[in-house]
Amino acid sequence: MPPLDPQVRAAVDAAGAGAREVLTPEGLAAWQERDAAARPRPTLDRLRDGGRFEVEEARVPRADGSGLTLVSARPAGVREPLPLLYYLHGGGMVTGNAWSVLPRLLRGWALPLGLAVVSVEYRLAPHTRFPGAVEDCYAGLVRAVGLADRLGVDARRVIIGGKSAGGGLAAALALLARDRGGPAPVGQLLLSPMLDDRGDTFSSHQMAGHDTWDRTSNATAWQAVLGDRYGAADLPPYAAPARATDLSGLPPAYLDVGSAETFRDEAVAYAEAIWRAGGEAELHVWPGACHGFDTLAPDADVTQDAHDARTRWLRRVLRQ
């Protein structure tokens with residue numbers, strides 16, 4: 001098993017048993033309840049951070065006519081249209097919310113890069129199974145681009161991104177937008193992306209019982225998302241992007257993952273598949289990093305290196 005970076009290991013040890021708790025089907029409901037309590041939604045006033053940001057919620061229609069919430073934020077006092085980071089939160093597609101990811105995104109990227117951010121409150125499994133979440137993400141992207149003037153964003157400079165489940169959804173969204181002729185993002189930011197429902201990579205077995213999100217937790221989440229379609233041979237790539245056989249015509253991708261992470265090999269394989277299809281991908285495998293290392297150890301050297309590399313890629317893509 002690849003060793004953990006010493007600073008990351010110290011952070012994991014300090015987090016206690018909860019950092020390596022395993023998600024099982026029997027424990028899913030309790031897991032969701034605990035996560036909702038531990039990850040409260042910051043209010044819009046808190047997100048505005050004393051006037052540093054303009055923040056609003058927008059309710060937009062889904063295909064079935066129900067409402068979907070988008071949370072948009074941008075540095076205050078900037079009148080010109082800004083590039084947009086259209087962000088999908090993590091949580092295994094079974095937990096998380098659109099609000100809690102925003103403070104870090106706003107501090108880390110919106111201010112220094114002059115970005116607007118839209119975060120999507122997509123529906124969670126198992127209450128909503130595939131294709132509910134990815135269809136929510138697509139509907140939100142179409143509406144965010146359509147509302148560009150109101151949101152103060154440049155519809156020609158949209159990057160889609162996310163971490164973990166959000167990274168997998170961003171990859172699926174890029175495929176869906178390509179195949180439907182929808183909005184054309186200029187980049188896809190895939191951080192420790194959850195891409196493959198099959199759980200048969202070497203790293204998935206290697207890190208079983210060791211990573212902060214291991215193959216049992218991953219299988220539980222995928223079962224919740226896919227229901228009876230879990231493991232189906234004909235599962236579409238919009239459910240699990242690793243199933244895609246055609247990765248041509250996609251926006252440039254940034255992928256990063258930890259060397260001591262369940263998702264390591266599926267992220268590497270996805271980057272390789274993009275290259276084989278003639279596409280552009282930048283891949284980083286951070287030594288000694290586990291799943292969620294940047295959240296668990298925000299001050300670790302490897303976390304700072306990862307943040308710097310992501311930021312450089314964002315700057316470069318937005319200059320093109």
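It is worth spelling out the pairing of strand S3 (residues 82–88) at this point. Among the seven residues that make up S3, seven are buried, leaving the element largely enclosed by the rest of the structure. One ladder, built from six bridges, connects S3 with strand S5 (residues 153–163); its direction is parallel. Residue pairing across strands places Leu82 opposite Val153, the latter belonging to S5. Here four bridges tie S3 to strand S4 (residues 116–120), and the two strands are oriented parallel to one another. Counted as the bridge partner of Tyr86 is Val118 from S4. For the segment spanning S3, helix H4 (residues 102–113) and S4, crossover handedness is right-handed.

Turning next to the packing of H4 against helix H12 (residues 301–319). The N-to-C vectors of H4 and H12 enclose an angle of 45 degrees; their axes lie 11 Å apart at closest approach. By the criterion of interaxial angle, the relationship of H4 to H12 is oblique. Crossing of H4 against H12: the hand is right-handed. For the pair formed by H4 and H12, the contact residues are Arg104, Gly108, Trp109, Pro112 and Leu113 on the first element and Thr303, His307, Arg310, Thr311, Leu314 and Arg315 on the second. Looking at side-chain class alone, the contact of H4 with H12 contains four nonpolar, four polar and three charged residues.

We now examine the side chain of Thr95. Structurally, Thr95 is set in the loop between S3 and H4. If sequence neighbours within four positions are ignored, Thr95 has contacts with Trp31, Gln32, Asp35, Arg39, His89, Gly90 and Leu124.

A few words on unusual backbone geometry. The bulk of non-glycine residues show a negative phi, and the bulk of peptide bonds are trans. Residue Pro126 is bonded to the preceding Ala125 through a cis peptide linkage, with omega at 0 degrees. Inspection of the secondary structure puts Pro126 in the loop between S4 and helix H5 (132–146). With an omega dihedral of 10 degrees, the bond running from Phe130 to Pro131 counts as a cis peptide bond. Of note, Asp49 is a non-glycine position whose phi angle comes to about 50 degrees, a positive value.

Within the structure shown, the criterion is met by 22 salt bridges. Salt-bridge contacts for Arg264 lead to Asp265; the nearest nitrogen and oxygen are separated by 2.7 Å. For the salt bridge of Glu282 with Arg316, the shortest nitrogen-to-oxygen distance reads 2.3 Å. Of the two residues, Glu282 sits in strand S8 (residues 281–286) while Arg316 sits in helix H12, which places them 34 residues apart along the sequence.

Our focus in this paragraph is the sheet that holds strand S7 (residues 253–258). On the basis of which strands lie adjacent, the open sheet formed by eight strands has the order S1-S2-S4-S3-S5-S6-S7-S8 and mixed pairing. The sheet terminates laterally at strand S1 (53–61) and S8, the two strands that pair on one side only. This sheet shows a mean twist of 20 degrees between the axes of neighbouring strands, independent of strand direction. Looking at chain direction, strand S2 (residues 67–75) and S4 are connected through four bridges and run antiparallel. Bridge pairing links Val71 to Ser119 in S4. Where H5 meets the sheet, its contacts fall on S1, S2, S3, S4 and S5, and the angle it forms with S3 comes to roughly 165 degrees.

Before going further, it helps to examine the environment of Ser204. Locating Ser204 in the fold gives a position in helix H8 (residues 202–206). Considering only alpha carbons, one finds Ser204 and Thr216, 12 residues apart in sequence, at a separation of 9.4 Å. Look past the residues within four positions of Ser204 in its chain and what remains in contact with it is Gly199, Arg215 and Thr262. A polar contact of 2.8 Å, which involves the side chain of Ser204, links it to the side chain of Arg215.

Glancing now at helix H1 (residues 6–15). When H1 is considered as a whole, its buried residues turn out to be Val8, Ala11 and Val12. Looking straight down H1, one finds its buried side chains confined to an arc of 100 degrees; they lie on one side. In H1, the exposed residues that point more than 90 degrees away from the buried face are Pro6, Asp13 and Ala14. Residues of H1 that are buried make contact with helix H11 (293–296) and H12. Structurally, the start of H1 carries an N-cap: the backbone nitrogen of Gln7 is 2.9 Å from a side-chain oxygen of Asp5. Taken from the residues just after H1, Gly16 is the one with a positive phi, measuring 80 degrees.

This part is about the nonpolar core. In terms of nonpolar packing, the biggest core is built from 66 residues, with Tyr86, Leu88, Leu169, Leu173, Leu247 and Tyr270 touching the most fellow members. Beyond its immediate chain neighbours, meaning those up to four positions away, Leu88 contacts Val120, Tyr122, Cys137, Gly161, Gly162, Lys163, Gly166, Leu169, Ala170 and Leu173. By size, the runner-up hydrophobic cluster in this structure holds 42 residues, among which are Leu102, Val302, Ala306 and Val317.

The rules behind each value
- Residues numbered from 1 in each chain as written.
- Predicted model: local features only at pLDDT ≥ 70, side-chain atom pairs only at ≥ 80, totals over all residues.
- Heavy atoms only, no water.
- Buried < 20%, exposed > 50% of the residue type's maximum accessible area, 1.4 Å probe, protein only.
- Helix = DSSP H or I, 4+ residues; strand = E, 2+ residues; numbered from the N terminus.
- Pairing = 2+ DSSP bridges.
- Right-handed = clockwise from strand over helix to strand, strands pointing away.
- Axes fitted to C-alpha atoms, helices over the stretch in contact; angles between N-to-C directions.
- Parallel < 35°, antiparallel > 145°, perpendicular 65-115°, else oblique.
- Left-handed = near helix turned anticlockwise from the far one by under 90°.
- Contact = heavy atoms within 4.5 Å.
- Nonpolar A, V, L, I, M, F, W, Y, C, P; charged D, E, K, R; others polar.
- Salt bridge = Lys/Arg side-chain N within 4 Å of Asp/Glu carboxyl O.
- Polar contact = N/O pair within 3.5 Å; in protein donor to acceptor, adjacent residues only side chain to side chain.
- Arc of directions from axis to C-beta.
- Core = buried A, V, L, I, M, F, W, Y, C linked by side-chain atoms within 4.5 Å.

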